[in-house]
Amino acid sequence: PAAPRPGMAPRAARTRAAKMLALLAALFVGSSAALTARRVDAETRLQLLPADTVWKNASAQCSPDEVCVVPSEDRWLISSSMTVDGLRVHGILKWDDMQPGITLTVAWLHVEQGGVLLVGSSREPIGLYPGVTANIHIKKHALNRHPILGDRFLAGNESTIKIYGLPKRRTWTLLSRSAAAGSTELFLKHDPASMGWSVGDRVGVATTSVGESTTHRIVDIRPATDEQLALASAVAGQQEAHLPASNAIDGNVGSLWSSFAGGVDAHWLQVNLQDVSNVTRVRFFFQEPRHAPAYDVEVLTSESGPWEVAANVTDGVGGWREIELHRDHVRAVRLSAAYSSLWNRGFQGRRGAEPAWSGLWMNEVQVYGRRVGETMPTVIVLDTPVGADHMGGVKELEGRQFEMAAEVVNMERSVTVTGDHDDFYESKEGFSTHMMGAGVIDIRHTRVEYCGRRDKMGKYCLHMHMMGSCPSCTFQGNAVVDGQQVGITIHGTHDSLVDQNIVWDARGAGIYTEDGNEMNNVISNNVIICSRWQVCAVPWLGHNSIQNAGIYLIGMTNDILYNRLAGHQHGLFTPGSAYPRGQGYAWGKVCPQHTPFGKFKGNVNHDNVRYGLYLDNQYPRNLVRDENGFVKSGCERFDADGRDNGVSPANVIEDEFDWHNMFVGQYSGGDFSYVRYTSVNNAHAMYWKTSKNFADGVSHHVVDSVIANDPKDGYGRLQFYGPSGPFTFFFTNNTFVGGPVGDAALCAGQHCGLGGAGGPC
């Protein structure tokens, strides 16, 4: 079919594209068993080739403006950069893994039935030899479009695509110490060199303030210049009883020290270091309008004194102020305000009505340096400073520890698949990838950027399409960066692996199980971040902007393990009742609202603007399904004998850790249990309106869980909103920690009595 005519309505264009994709799928989609039987491993096929196989030079076979065809009997080697309009692979097209800097530029690349595309291998990935990289550049205009798929794609059907970049031992880590706004040195939980990270790598730092996650480059890896030093105590010349000097070193920028009503010489604060240290800098946070316009910063280097002036400030205002000191063997630091400067203070240094005797308000003091004789840990040094505070390490609260720390992700890879992107943000158009039918797609440790085509069915960044059972299908260790429509899609495919990927700014959804019949896929250890929730919360394929999530599951029977989701509208979202009969090829053959869960364990959701975990309207039942996940029976509430058809034993959400989200939970749901759930500083630790008695008769709704709120953190309240109604809500062996309390630590019957919104009161 021809391309959509100029001026064709967007809906008509989308409809035509969907019909073409459905037509192509119909040619290759069979039963899961039939697809598996036709699948051939490409690496095995290569090993069977004779030692004297002749490899043709690919660049010598093609001209830039033509559609180039690799015949089924040919073996081509890409050993130098080449440009071609379109590329059809029937034989074997292999990348030379020993040649540096090769770029393939093409408008579309299609691996036909039985064809093979190999970029690196599991034993010799691209980058194994120093200086070797691979770049596939998908240009946006084709002189000769593919007859069905058009242009701007890398795809295959009943064929093999394998792309192997050089593995990193870890694709992400956590901050081991907090990083203040303006920092360029990051302390990481794992050693950068041991993870395989290098100078020049692009990295991202996740928000821990429901704010912006940012990207940077590593410009150095070396011992840290300084670190935040432990402070033993604080004393002041004057303090109010309820606003003591100790508030300035409690780690809580929401508390403060006040020197109200102090005399001329009383407006000073001294902080004593836990260890004698070489001090490099100090940071003060004054609350407006009671700041110090002029003050000295003094240091004490011996027990007997004297105090030495290390810095003099004459332009002080409110907020954070950092002052360099560079003094050795320091025991204590003191700020002494000039009393004469305290008259007529106003906001941001302007004149006002604050008199000198009203004193100072200081929220926090931080001292940086290194303890005398200390060997500093290794840090990564960024090209640009972080713009906000980022939490790191472990938070302690009433004897319990919580690792609330920003993810630091590495988005550099030795293989890059990219595309023209001069109008990427205006047109919402990038390239797409997919494999369909009895093929194999195995992409590892590859950067995929400027991808996806908004509101075009099937046009995703990485896509397994209608492949049936495919245990050899893998997306692992990739960095999917800047996608206009979904980072990774599993569609009508089972038994695949999606593991250790970084997904950054994928509009719509980070990882998506599309139709509702997808089963037994493992989605594990992925980090999915949106730089700002507004970036990813867009309308897409009929979903409104509220339906944005890091992981978006319509197919429920998949293992969701140890993933980390930050900065989205919702973290992990299962839109049960929105698609009661599924989507696409599975429509009318599934009931996602009642599909049993796979294994859900160890997932972390934080700093999402609405829900962290959002299991909306899920009531898993005892389904009988075929090998493609299509339901034969079991969607009904009761079985043939009139018994409760809820899944038995109940499904389990294990070791869920959610923090800094507005909500966690579901409006309605039953026959699943939260076990060892941890909530810290969520606005609502749980938001649950209606449920039911368990069909198994023994499970509990929430058990062995911790609901915590640190009063030093400005986000969240200690409140668990539970359901009520004609059932027993089992809330067992759970612990509440910290404060402040919201409506109540444990609330029942929220929204009761409101039609469609809650149970009876």
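Only a predicted model underlies this, so the values are computations on that prediction, with no experimental measurement involved.

## Quick notes on the overall build of the chain
Of the regular secondary structure elements, the chain holds six helices and 60 strands. By principal-axis analysis of the C-alpha atoms, the chain measures approximately 90 × 70 × 50 Å. Here the chain, with 761 residues, has 60% of them falling under the buried criterion. Across the chain, contacts joining residues at least 24 apart in sequence account for 71% of those joining residues at least 6 apart. Summing over all exposed atoms, the chain offers an accessible surface of approximately 28300 Å²; the carbon and sulfur share of this is 51%. A distance of 5 Å separates the average location of the 66 positive side-chain charges in the chain from that of its 78 negative side-chain charges.

## Points about the pattern of salt bridges
This structure, assessed with the given rule, holds 35 salt bridges. Between Glu-308 and Arg-327 there is a salt bridge, with the nearest N and O atoms lying 3.2 Å from each other. Taken together, the residues span a long stretch of sequence, with Glu-308 in strand β20 (residues 307–313) and Arg-327 in strand β21 (residues 319–337) at a distance of 19 residues. Relative accessible area serves as the criterion here: at 30%, Glu-308 is assigned to the partly exposed category. Looking at Arg-327, the relative accessible area reads 25%, which means it is partly exposed. Across the pair Arg-643 and Asp-641 runs a salt bridge, and its minimum N-O distance is 2.9 Å. A single salt-bridge network, built from bridges that share partners, covers Arg-145, Asp-151, Glu-429, Arg-453 and Lys-456.

## As for the packing of aromatic side chains
Within a pair of aromatic rings, the relevant descriptors are the distance that separates the centres and the angle that separates the planes. Evaluated as defined, the whole model comprises 34 aromatic pairs. The interplanar angle of 40° and the centroid separation of 6.4 Å between the aromatic rings of Tyr-614 and Tyr-667 together place this pair among those described as tilted. Residue Tyr-614 is located in strand β46 (residues 611–616), and its partner Tyr-667 is located in strand β51 (residues 663–668); the two are separated by 53 residues in the primary sequence. Taken together, Tyr-460, Tyr-512, Trp-540, Tyr-552, Phe-573, Tyr-611, Tyr-614, Phe-663, Tyr-667, Tyr-687 and Tyr-721 form an aromatic cluster joined through their ring pairs. The ring of Phe-187 has Arg-177 sitting right over it, with the charged end atom 4.5 Å from the ring centre. Looking at Arg-281, its charged tip hangs above the ring of Tyr-368, at a distance of 3.9 Å from the centre.

## Observations concerning the pairing of strand β57 (residues 718–722)
Burial analysis of β57 places five of its five residues in the buried class, the great majority of the element. Covered by surrounding structure in β57 are Leu-718, Phe-720 and Gly-722 together with Gln-719 and Tyr-721, the residues of both alternating faces. Here strand β54 (residues 686–690) runs beside β57; their pairing, made up of two bridges, is parallel. Note on β57: the bridge partner recorded for Met-686 is Phe-720.

## Quick look at the nonpolar core
Judged by nonpolar contacts, the single largest core of 73 residues is most densely connected at Leu-87, Trp-95, Leu-104, Ile-441, Ile-551, Phe-600 and Tyr-674. Dropping the residues within four chain positions of it, Ile-441 is found in contact with Ile-161, His-434, Met-435, His-463, Met-464, Met-467, Ser-472, Cys-473, Thr-474 and Phe-475. If you look at the next biggest cluster of nonpolar residues, it comprises 33 residues, including Leu-229, Trp-257, Tyr-339 and Met-362.

## Notes on the pairing of strand β8 (residues 134–138)
Counting buried positions over the five residues of β8 gives four, a clear majority of the element. Direction of pairing for strand β6 (residues 102–111) relative to β8: parallel, over a ladder of five bridges. Bridge pairing links Thr-103 to Asn-135 in β8. Looking at chain direction, β8 and strand β27 (residues 415–419) are connected through five bridges and run parallel. Bridge pairing links Ala-134 to Val-415 in β27.

## Details of the state of the cysteines
Inspection of every chain in the model, using the stated rule, returns five disulfides. Covalently, Cys-451 is tied to Cys-461 through a disulfide, its sulfur atoms 2.1 Å apart. Disulfide Cys-451 to Cys-461: torsion about the S-S bond roughly 90°, handedness right-handed. In this pair, Cys-451 is assigned in strand β30 (residues 446–451) and Cys-461 in the loop between β30 and β31 (462–469), connecting sequence segments 10 residues apart. Accessibility assignment for this pair places Cys-451 and Cys-461 in one class, buried. Two residues share a disulfide in this structure: Cys-591 and Cys-635, whose sulfurs sit 2.0 Å from each other. For the disulfide bridge between Cys-591 and Cys-635, the dihedral angle about the S-S bond is near -85°, and by the sign convention the bridge is left-handed. Here the residue Cys-591 occupies a position in the loop between β43 (570–575) and β44 (600–601), and Cys-635 occupies one in the loop between β48 (631–633) and β49 (651–654), the gap between them amounting to 44 residues.

## Observations concerning the sheet that holds strand β12 (residues 185–187)
Read from one edge of the open sheet, six strands run β11-β26-β13-β14-β23-β12, paired in antiparallel fashion. Edge positions in the sheet fall to β11 (172–174) and β12, since each of these pairs with one other strand and no more. Across the sheet, the mean angle from the axis of one strand to that of its neighbour is 40°, orientation sign disregarded. Note: strand β13 (residues 202–205) against strand β26 (residues 407–410), three bridges, orientation antiparallel. Each bridged residue has a counterpart across the sheet, and for Val-203 the counterpart in β26 is Asn-410.

## Things to note about the confidence of the model for the chain
Chain-level statistics for the chain give a pLDDT mean of 93 and a share of 94% at 70 or above. Every residue in residues 1–15 is under pLDDT 50, and counting partners more than four places away or in other chains gives 12 contacts.

## Focus: the environment of Pro-385
For Pro-385, the position within the fold is in the loop between β23 (378–382) and β24 (395–397). For the pair formed by Pro-385 and Arg-447, sequence separation is 62 residues and the distance between their alpha carbons is 24 Å. Setting aside anything within four residues of it in sequence, one finds Pro-385 in contact with Gly-182, Ser-183, Thr-184 and His-216.

## A word on unusual backbone geometry
Excluding glycine, residues mostly carry a negative phi; peptide bonds, for their part, are mostly trans. The omega torsion across Gly-305 and Pro-306 is 0°, close enough to zero to call that bond cis. Looking at the element boundaries, Pro-306 is found in the loop between β19 (295–300) and β20. Here Ser-648 and Pro-649 are connected by a cis peptide whose omega angle stands at 0°. Inspection of the secondary structure puts Pro-649 in the loop between β48 and β49. With a phi close to 50°, Leu-541 is a non-glycine residue in the positive phi region. Here Leu-541 shows up in the loop between α6 (533–536) and β40 (549–553).

## Re the environment of Asp-696
Along the polypeptide, Asp-696 turns up in the loop between β54 and β55 (702–703). Between the alpha carbons of Asp-696 and Ser-648 there is a distance of 5.0 Å; along the sequence they are 48 residues apart. Not counting chain neighbours up to four residues away, the residues in contact with Asp-696 comprise Ser-648, Pro-649 and Ala-650. A distance of 2.6 Å separates a polar atom in the side chain of Asp-696 from a polar atom in the side chain of Ser-699.

Reading the values: the criteria
- Residues numbered from 1 in each chain as written.
- Predicted model: local features only at pLDDT ≥ 70, side-chain atom pairs only at ≥ 80, totals over all residues.
- Heavy atoms only, no water.
- Helix = DSSP H or I, 4+ residues; strand = E, 2+ residues; numbered from the N terminus.
- Buried < 20%, exposed > 50% of the residue type's maximum accessible area, 1.4 Å probe, protein only.
- Contact = heavy atoms within 4.5 Å.
- Areas by Shrake-Rupley, 256 points an atom, 1.4 Å probe, with all protein chains shown as cover.
- Lys, Arg positive; Asp, Glu negative; His and termini not counted.
- Charge placed at Lys NZ, Arg CZ, Asp CG, Glu CD.
- Salt bridge = Lys/Arg side-chain N within 4 Å of Asp/Glu carboxyl O.
- Phe/Tyr/Trp six-rings, centres within 6.5 Å; stacked < 30°, edge-to-face > 60°.
- Lys NZ or Arg CZ within 6 Å of the ring centre and 35° of its normal.
- Pairing = 2+ DSSP bridges.
- Core = buried A, V, L, I, M, F, W, Y, C linked by side-chain atoms within 4.5 Å.
- Disulfide = S-S within 2.5 Å.
- Axes fitted to C-alpha atoms, helices over the stretch in contact; angles between N-to-C directions.
- pLDDT = per-residue confidence, 0-100.
- Polar contact = N/O pair within 3.5 Å; in protein donor to acceptor, adjacent residues only side chain to side chain.

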